[in-house]
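For reference, the chains in residue letters:
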Amino acid sequence: MESSKQIEEAASEWLLRRDSESWSDEDQVQLTAWLHAATANRVAFLRLEMAWDEANRLKALGAGFPARTVPSAGQLSELSGWSDAGAVPRHRDMAHAGAGRRKRAALAATLFAMAVGVYLYTAAPFSGDRYSTPIGGVTSVPLKDGSSITLNSASKIRVQLGETERRIDLAEGEAFFEVAKDPSRPFVVHAGNRRVIAVGTKFSVRRDGDNVRVVVTEGVVRFEDTETHATTSDAGKAAIVEASRLTAGAVVRAAGDNTIVRTASLPEAEDLLSWRSGYVVFHETALADAVAEFNRYSERRIVIRDPRIAAIRLTGKFRSNNSDAFVRLLEESFPIHAQHLPDQIILSDGLTTGTP
Amino acid sequence: MEDPLDTWFKREVLAHEAALVRYLSRVWSARDEIQDLRQETYIRVYEAARKSRPASAKPFLFATARNLMADRVRRGRVVSIEAVGDVDALNVMVNEVSPERHLSAWQELKRVTHALNRLPPKCREIVWLRKVDQLSTKEVAEHLGLSLRTVEGQILKGMRVLADAILGRSVGATEKDSAGSDSEKRGEDTEANHGEQ
C-alpha cells in the first residue's frame, strides 16, 4: 500500500502537469482515471489543488514590487508586523527610523493602499454592471455565467462576475436568483451587512433599507450577518456576526440586530416569490402589510386612514399591478370605504363613514 | 466545472485542516503518523459523503477522526498509552475549534504570504515568479538559468509545503512564526509545528 506521502507526491506531479501548457484532453482522461482509482488519490489531489489555488492570492502583492523581482521574506513579513486586529498599519510601523525606513514606508504605503482598496471595494456599491427597475416593473436579467436574475419592482442591483467570485449588490428592492453551478466562483449577494452565498441554487433576497428577507426555494445557501467597521482600525474587515446554512423552504428575516430563520413549506416559500409571475399572495396577512406590499408596485399609493381597519386579515392572490381591483375586492368583502384620488387611494372604516 | 462533492469537500472539510491536525496531534503522540491519520480521515469522510453528505461537516470530520484513532488503538497500533485515555476525553474539543474560514480577503492574503515565507529561498523565488508574475515553468527556468527539471522539482515541493502551511495554519496563531529568516528550516518540518499550537 502506498503511503500518504507517496500519494501526495504523485498528486503534486499531476497538479504540476495540469498547470502546464502541454496539458491535453488525453492527459485529463488519465488524471480522471487516477482520481477515480482511489479516494486517497482524490483527497490528496483536492488538498494540494485547494492550497495551490489559494496561492493565486499572492498576485495581489505583485503591485508592490517590480516585475520578476522577488522581495525578501523580511520585506514581506512586514505584513505580519501588522496587528491581527486590523488591516491598516499601525502608526509606529510607518514611523520606524533607520536605513530601511523609506523603503518600508513605500511598502507600507502600497499595502495600505491595498488595505484601503479592499475596504473601498466592500463599501462602494456602484461600479460594475448596474440594473434597475421602475416601480411596477419586473425584469429578467440573464448573466454571462448562465445564471439569471429576476428583478422585482423598484429594485437596483450591481453585478460583478469576477474570476473567484460572482458578486451581486442589492442596493434596494428584491431579486430572485437562479444560480448556474460554478463551484470555483461562489455567487455572493450582498444586501447591506448581510450576505447570501450560493454555488448553484435558487433563492430570493429582498432589501428594504436595513431589513432583509431571504427565501430559498432550491438547494442550499449560506446566510451571513456581517459587521463592517468603517472608521476603526478594522477597516476592510467584514466580521461575521452570525452565519446560518439555509435549505429549501427556509425564510430568513433580518432587521436590526435580529435574525429569524423559519422553515416554511415549499409552496409557502414559492408564494413569497409569486411576484415573478406578477402576483402577490397573502395568507392571513394584516391589511397594513398587504397595502405596503401593493405600494411597492404602484406610484399611486394606497393609504390607510383608519387604524382600526389596518389589522383586518386577508388571504388571496392578486395581480400586483392592479391595485384598483384589490381595493374593489376590499370594499366588497370588508366594511371598508375607498376614496380614489389622482395620486392615492385612501381607505377608511366603512362603518364610521357611513358607506357600506 | 468541478464536481459538487469536491467543492463541498474543500469548503467544508479541508477548510478545517488546522483544527483537525491540532486535534490529531493532541491525541496521537506519534508525530510521524499524523499526516497519515489526517489523510485517512479525509478518505473516510469523502467516502461517507459520496453516499450521503453529512448535514454538518465539521462535527462529522472530528467524529471520523476520533473513530479512526479509536480503531487504531483497538488494533494495537497505538504507541502511547495516554492516547487511549485521550480518545475518550476528546469529544469536547470538537466544539472548541473555531471555524477558520470565510476570512476577509486581507486575512487570506496574509495567511498565504506567511505560507510563502515558509518556503526555502529557491523554492520561494520560483513560486513567486510562477504565481505573481505568472510565468510558465519554462519561463521561470529561462529567467533563472535553471534546468526545467530543477524548477519542476521546486514547484512540486512548493505545492506540498504550501498545502501544509496554508491549510494547516491556524489563523488565530499567526504571529508566532511571522519572521521569514529561518523559513527554510521551517519549510522542511511544517508537520511538526502543528502540534505546538
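Residues numbered from 1 in each chain as written. Chains lettered and ligands numbered in written order. Predicted model: local features only at pLDDT ≥ 70, side-chain atom pairs only at ≥ 80, totals over all residues.

Asker: It is not clear to me how the overall build of chain B should be interpreted in this structure. Could you clarify?
Answerer: Looking only at helices and strands, chain B features 12 helices and 0 strands. Mapped in sequence order, the helices and strands of chain B form the string α-α-α-α-α-α-α-α-α-α-α-α. When the 197 residues of chain B are sorted by exposure, 44% land in the buried category. Looking at chain B alone, contacts between residues at least 24 apart form 72% of all its contacts between residues at least 6 apart. (Helix = DSSP H or I, 4+ residues; strand = E, 2+ residues; numbered from the N terminus. Buried ≥ 20, exposed ≤ 12 C-beta atoms within 10 Å, placed from the backbone. Contact = placed C-beta atoms within 7 Å.)

Asker: Honestly, the overall build of chain A in this entry has me stumped. Any pointers?
Answerer: Looking only at helices and strands, one finds 11 helices and 18 strands in chain A. Expressed as a percentage of the 356 residues in chain A, the buried residues total 31%.

Asker: Got a minute to help me understand the sheet that holds strand β17 (residues 336-340) of chain A in this structure?
Answerer: Backbone-to-backbone hydrogen bonds join strands into a sheet, with any given pair of strands oriented parallel or antiparallel. All names here are of chain A. Strand order in this open sheet of 3 strands is β15-β18-β17, and the pairing throughout is mixed. Among the strands making up the open sheet, the edge pair consists of β15 (301-304) and β17. The average angle at which neighbouring strand axes cross in this sheet is 25°, direction not considered. (Pairing = 2+ DSSP bridges. Axes fitted to C-alpha atoms, helices over the stretch in contact; angles between N-to-C directions.)

Asker: What is the right way to read the nonpolar core from this model?
Answerer: Counting 61 residues, the largest nonpolar core has Leu48(A), Ala51(A), Leu24(B), Ala65(B), Val127(B), Leu162(B) and Ile166(B) as the members making the most contacts within it. Apart from residues lying up to four places away in sequence, Ala51(A) is in contact with Leu162(B), Ala163(B), Ile166(B) and Leu167(B). With 46 residues, the next largest nonpolar core counts Ile157(A), Leu246(A), Trp275(A) and Val280(A) among its residues. (Core = buried A, V, L, I, M, F, W, Y, C linked by C-beta atoms within 7 Å.)

Asker: Explanation requested: the environment of Arg130(A) in the structure shown.
Answerer: Residue and element names in this part refer to chain A. Counting through the fold element by element, arginine 130 comes out in strand β1 (residues 129-132). With 13 C-beta atoms packed within 10 Å, arginine 130 lands in the partly exposed category. Taking C-alpha positions, arginine 130 is 5.7 Å from isoleucine 157, a pair spaced 27 residues apart along the chain.

Asker: Looking at this model, I keep getting lost on unusual backbone geometry. Mind explaining?
Answerer: Glycine aside, a negative phi is what most residues show, and trans is what most peptide bonds show. With phi around 55°, Arg68(A) is a residue other than glycine that occupies positive phi space. Looking at where Arg68(A) falls in the secondary structure, it is placed in the loop between α3 (39-54) and α4 (73-77).

Asker: Just checking my understanding: could you explain the environment of Ala163(B) for this structure?
Answerer: With respect to the helices, strands and loops of the structure, Ala163(B) is situated in helix α10 (residues 148-167). Here Ala163(B) falls in the buried class, since 27 other C-beta atoms lie within 10 Å of it. Sequence separation between Ala163(B) and Ala115(B) is 48 residues; the distance between their C-alpha atoms is 8.6 Å. Apart from the residues lying within four places of it in its own chain, the contact partners of Ala163(B) are Arg47(A), Leu48(A) and Ala51(A).

Asker: Hey, could you run me through α3(A) in this one?
Answerer: Every α-helix winds through 3.6 residues per turn, so residues three or four apart in the chain are directed the same way. If you check α3(A), its first and last C-alpha atoms are 22 Å apart, about what 16 residues at 1.5 Å a residue would give, namely 22 Å. The buried fraction of α3(A) is high, at 13 of 16 residues. (Expected span 1.5 Å × (residues − 1).)

Asker: Help me understand the confidence of the model for chain A in this model?
Answerer: It should be kept in mind that the predicted coordinates are not to be read in detail where pLDDT is low. Residue and element names in this part refer to chain A. Averaged over every residue, the pLDDT of chain A is 77; the share at 70 or more is 79%. Across chain A, α3 holds the top mean pLDDT of 94, while helix α5 (residues 91-94) sits lowest at 35. With pLDDT under 50 throughout, residues 79-126 is counted as low confidence; its partners more than four residues away or in other chains account for 60 contacts. Every residue in residues 229-237 scores below 50 in pLDDT, and together they form 22 contacts with partners more than four places removed in sequence or on other chains. (pLDDT = per-residue confidence, 0-100.)

Asker: Got a minute to help me understand the pairing of β15(A) in this structure?
Answerer: Consecutive residues of a regular strand have side chains that alternate between opposite faces of the sheet. Residue and element names in this part refer to chain A. Alternating residues of β15 divide into Ile302 and Ile304, all buried, and Arg301 and Val303, none buried. Relative to strand β18 (residues 344-349), β15 runs parallel, the two sharing 4 bridges. Note on β18: the bridge partner recorded for isoleucine 302 is isoleucine 345.

Asker: Please explain the pairing of β18(A) as it appears in this structure.
Answerer: All names here are of chain A. Two strands pair when backbone bridges link them, and β17 and β18 are joined in this way by 5 bridges, in the antiparallel orientation. Note that in β18 the partner of alanine 338 across the bridge is leucine 347. What sits between the antiparallel neighbours β17 and β18 is a turn of 3 residues.

Asker: Sorry, what's going on with the confidence of the model for chain B here?
Answerer: Looking at chain B as a whole, its pLDDT mean stands at 75, while 69% of the residues score no less than 70. Across the assembled chains, the prediction reports ipTM 0.80 with pTM 0.48.

Asker: Any chance you could explain the packing of helix α9 (residues 137-144) of chain B against α10(B) here in plain terms?
Answerer: Pairs of packed helices are described in terms of their axes, by the angle between the two and the distance that separates them. Residue and element names in this part refer to chain B. In contact at an axis separation of 9 Å, α9 and α10 are set at 115° when each is read in the N-to-C sense. Crossing of α9 against α10: the hand is right-handed. Side by side, α9 and α10 meet where Thr137, Lys138, Val140 and Ala141 of the first sit next to Leu148, Val151, Glu152 and Ile155 of the second. Across the contact of α9 with α10, the residue classes tally to 5 nonpolar, 1 polar and 2 charged. (Left-handed = near helix turned anticlockwise from the far one by under 90°. Nonpolar A, V, L, I, M, F, W, Y, C, P; charged D, E, K, R; others polar.)

Asker: Can you walk me through the environment of Ala165(B) in this structure?
Answerer: Residue and element names in this part refer to chain B. Topologically, alanine 165 is positioned in helix α10. The buried category is assigned to alanine 165, around which 26 C-beta atoms lie within 10 Å. Considering only alpha carbons, one finds alanine 165 and leucine 119, 46 residues apart in sequence, at a separation of 9.2 Å.

Asker: How should the packing of helix α2 (residues 17-27) of chain B against helix α4 (residues 57-74) of chain B be read in this particular structure?
Answerer: Residues and elements named next belong to chain B. With their axes 11 Å apart at the nearest point, α2 and α4 run at an angle of 25° to one another. Taken together, the axis directions place α2 and α4 in an arrangement best described as roughly parallel. For the crossing formed where α2 meets α4, the hand is right-handed. Where α2 approaches α4, its residues Leu20, Tyr23, Leu24 and Val27 are matched on the opposing element by Leu61, Phe62, Ala65 and Met69. Looking at the contact of α2 with α4, its residues break down into 8 nonpolar, no polar and no charged. (Parallel < 35°, antiparallel > 145°, perpendicular 65-115°, else oblique.)

Asker: Explain helix α1 (residues 4-19) of chain A to me, please; I cannot follow it from the model alone.
Answerer: All names here are of chain A. Between its terminal C-alpha atoms α1 stretches 22 Å, which fits the 22 Å expected from 16 residues at 1.5 Å a residue. Taken together, the buried positions of α1 are Ser4, Glu8, Ala11, Ser12 and Leu15. Seen along its axis, α1 keeps its buried residues to an arc of 100°; they face one direction. (Arc of directions from axis to C-beta.)

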